[in-house]
Amino acid sequence: MAALNRSTLRRLQNLPQIPSVWEGDRRPLSNADSHAIVDDDDFLEGGGECILWVDGSEGVVRAMDMVGPDAGPEAIVRALLRAMEHPQSPSPAVRPQKIVVKNREIQFYLRGVLQDLGIAIDYVPELPLIDEIFRGMEEVAVNRPPELPPEYADVLMEKAAQIWHDAPWQTLREHQIISIEVNQWDVASLYVSVLGQGRMDYGVLLYRSLESLKRFRERVVNDDSFEDLEQAFLGQDCLFLTFESAMELDEDEEEIDLADLPPSEIEPNFGNLHPLEGLRSILYEEEALTMLVALEAFHRFFRNSRRKLAAETFPTLSSRYRIPVPLADGETQQVSVKVSTMPEVSDELWQMLEDDDDDDDDDEFEMPPLRDDLVPPNSFLSLGVVPWATVDFLRGNAQFYQGAEVDINASGDGLPVVMIQTSHPKAKTMIQDLKEAEGVKAICFNPGEDPFQDEQYDLGILQAKNGDLYLFGEFNEDDPVHQAARQKWERRCQSTQGWCGLVIAKGLMGASRGQPQLKDMIALFEVRWVSAKDLGIGPLQLMPTF
């Protein structure tokens, strides 16, 4: 049996002990249960097991871990130590007076490991608070609807495979629109726009109205900021089919072209966008039937008209089809569909793009200088995550708080943040400087290089709302620790739909150096995470000074 280090024991013994009873348990979860409580990055095949430590006196979860079924009993101790020293709820670091478990092996193991901490470890047949939490997880998993209706899932996947094989993006551009008259399920017509000419995002968008399509294209052309583009994206009214890699790509493969992958490694994604619903990666029955009919009609039309569609001028074409639709009772319904090209609409959308290109030629872009006078020397910098409970606490208690314009999607284990810890006076100066710059707009990692030393860097950049750019960190591109931290940080940003945070903390020279406590975190800025491409300044090069 592994034992705690003496230094660890002394640290834990120094924690105040309170008269509370904590419940602890480790239970296996199904795949559905796992998906209900963790994000995809932390998902474990086979469901894994969930470790919970709950303060029964306060009714709060102090630590939760997902581990593989082969993880040893040490895992439950690691979670317990975190529950004592770094609880995920906004609670102080303490030792409980008593721990209760319903597993004899866990009880005996904890007694051996914790014997010098003055904590009673008892066995009880039931853990009511943990039982209630797990029942809630099971209810969420049971009530979670499937991404596709089971009776139509297989046929929709077949239609998606047909579209991938057709590769319409090799022929059609995004502004070349095709209409599909359905006249079923409260849908009159769908307007198809193909993604993929840029060799980045592949798929088809099926707009429910021409108005929505034109409005989105117009906003994409005219809106410059990331926030405006996000609002334009969420304001669409369409069904969609997109494609992504079924395999998790390595860091150096992020820019891979999906068209270079074999079909077996391509995964289709279906979903719905609506101004009042936002993005939903679930199709309900009528939406699935609409998608099924539209994809089959588009496939037939494209297969029959590929050569004509590849002409220099977008042609006027129209065809009718009868699409079979399987019904729940085993019967088949024939749906009559008309598919047509829309040259006039396509010309109108193309004119928007040309007008925008003309405007870009007239505009003279001047990149603001990259300043390095914001972050004090010797500050402690880290990429990490702040639990949602801590985020809620900081929103109401930090000395300075800049909130997001929208409600952030509280998924995953917390808000991804850049943490800058310095002395209290310097932290206050940083906050004042950012307030004078109208706040923080975005966080980005941009490539940089030192041509004299032949070294490549990741440059951490803060973009202020007044346009100023501030360097907050330089990271060697070859540093595996930084690359792993950044990769996980950006995955978390994706789970929050592009939102992250900047936390400024005091206590650089104190006991909390590198691990600031709640009392040390004096500012929270909720900002956008943007890619280097979205920032648009290009690779930066160290220039000599004379």
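In the block above lies the structure referred to throughout.
About the criteria used
Residues numbered from 1 in each chain as written. Predicted model: local features only at pLDDT ≥ 70, side-chain atom pairs only at ≥ 80, totals over all residues. Heavy atoms only, no water. Helix = DSSP H or I, 4+ residues; strand = E, 2+ residues; numbered from the N terminus. Expected span 1.5 Å × (residues − 1). Buried < 20%, exposed > 50% of the residue type's maximum accessible area, 1.4 Å probe, protein only. Contact = heavy atoms within 4.5 Å. Core = buried A, V, L, I, M, F, W, Y, C linked by side-chain atoms within 4.5 Å. Axes fitted to C-alpha atoms, helices over the stretch in contact; angles between N-to-C directions. Parallel < 35°, antiparallel > 145°, perpendicular 65-115°, else oblique. Left-handed = near helix turned anticlockwise from the far one by under 90°. Pairing = 2+ DSSP bridges. Right-handed = clockwise from strand over helix to strand, strands pointing away. Nonpolar A, V, L, I, M, F, W, Y, C, P; charged D, E, K, R; others polar. Disulfide = S-S within 2.5 Å.

For helix H6 (residues 150-166), which comprises 17 residues, the first-to-last C-alpha distance of 25 Å matches the rise-based estimate of 24 Å (1.5 Å per residue) to within 8%. Those residues of H6 lying buried are Tyr-152, Ala-153, Val-155, Leu-156, Lys-159, Ala-160, Ile-163, Trp-164 and Asp-166. Elements in contact with the buried residues of H6: strand E8 (202-207), strand E9 (238-245), strand E10 (266-274), helix H9 (285-309) and strand E12 (318-326). At the C-terminal side of H6, Ala-167 shows a positive phi close to 50°.

Moving on to the nonpolar core. In terms of nonpolar packing, the biggest core is built from 50 residues, with Ile-180, Val-204, Phe-243, Phe-270 and Phe-298 touching the most fellow members. Those residues in contact with Val-204 that sit more than four places away from it in its chain are Ile-163, Val-192, Ser-193, Val-194, Leu-239, Phe-240, Leu-241, Leu-295 and Phe-298. Counting 28 residues, the second-largest nonpolar core is a separate cluster that includes Ile-76, Val-77, Ile-99 and Ile-121.

The topology assignment puts Phe-445 in strand E18 (residues 440-450). Among the residues examined, Phe-445 registers a relative accessible area of 2% and is labelled buried. Between the C-alpha atoms of Phe-445 and Arg-486, which are 41 residues apart in sequence, the distance is 9.0 Å. In this structure, Phe-445 is in contact with Leu-383, Leu-459, Gly-460, Phe-472, Phe-475, His-482, Arg-486, Trp-489, Glu-490 and Ala-532, ignoring residues within four places of it in sequence.

For the pair H6 and H9, the least separation of the axes is 10 Å and the interaxial angle reads 30°. Taken together, the axes of H6 and H9 are roughly parallel relative to one another. Seen from above, H6 lies across H9 with left-handed handedness. Of the residues in H9, those in contact with Glu-151, Tyr-152, Val-155, Leu-156, Lys-159, Gln-162, Ile-163 and Asp-166 of H6 are Glu-285, Ala-288, Leu-289, Met-291, Leu-292, Leu-295, Glu-296, Phe-298, His-299, Phe-302 and Arg-306.

Now for the pairing of strand E4 (residues 95-101). For E4, the tally of buried residues reaches 5 of 7 residues, placing the bulk of the element in the interior. Relative to E4, strand E1 (residues 17-28) is paired through 5 bridges, and the arrangement is parallel. Looking across to E4, one finds that Gln-17 is bridged to Arg-95. As judged from the 4 bridges shared by E4 and strand E5 (residues 120-123), these two strands associate in the parallel manner. Within E5, the residue paired with Lys-98 across the bridge is Ala-120. As for the winding sense of the linkage, the β-α-β connection from E4 through helix H4 (residues 104-113) to E5 is right-handed.

Right, let's talk about the pairing of strand E20 (residues 469-476) for a bit. Counting buried positions along E20 gives 6 out of 8 residues, so the element sits mostly inside the fold. Looking at chain direction, strand E14 (residues 370-371) and E20 are connected through 2 bridges and run parallel. Bridging from a neighbouring strand, Arg-371 pairs with Tyr-470 of E20. Pairing of strand E19 (residues 455-464) with E20 involves 7 bridges; the strand directions are antiparallel.

So, on to the packing of helix H3 (residues 74-85) against H4. Contact pair H3 / H4: the axes reach a minimum separation of 10 Å and the direction vectors enclose 60°. With respect to H4, the element H3 is oriented oblique. When the axes of H3 and H4 are compared, the crossing they make is right-handed. Taking contact as the criterion, the partners of Glu-74, Ile-76, Val-77 and Leu-80 in H3 are, on H4, Ile-106, Tyr-109, Leu-110 and Val-113. When grouped by side-chain class, the residues that make up the contact of H3 with H4 number 7 nonpolar, no polar and 1 charged.

Read from one edge of the open sheet, 8 strands run E11-E10-E9-E8-E7-E6-E13-E12, paired in antiparallel fashion. Two strands close off the open sheet at either side, each with one partner strand: strand E11 (278-280) and E12. Strand-to-strand twist in this sheet, taken as the mean axis angle between neighbours without regard to direction, amounts to 25°. The sheet strands contacting H6 are E8, E9, E10 and E12, and the helix crosses E10 at an angle near 105°. Across the face of the sheet, H9 comes into contact with strand E6 (178-184), strand E7 (187-195), E8, E9, E10, E11, E12 and strand E13 (332-341) while running at roughly 145° to E12.

Each disulfide is one covalent bond, formed between the sulfur atoms of two cysteines. All chains considered together, the criterion is met by 0 disulfides. We note that Cys-500 lacks a disulfide partner, and the nearest cysteine sulfur, in Cys-493, lies 4.6 Å from it. Judged by its relative accessible area of 0%, Cys-500 falls in the buried class.

Judged by pairing direction, the sheet is mixed, and its 5 strands sit side by side in the order E3-E2-E1-E4-E5 without closing on themselves. Each edge of the sheet is formed by a strand with only one pairing partner; in this case those strands are strand E3 (60-67) and E5. In this sheet, adjacent strand axes meet at a mean angle of 20° when their direction is disregarded. Summarising the sheet, E1 and strand E2 (residues 49-55) pair through 7 bridges and their orientation is antiparallel. When the bridges of E2 are listed, Glu-23 appears paired with Val-54. Contacts from H4 reach E1, E2, E4 and E5, with the element oriented near 165° to E5.

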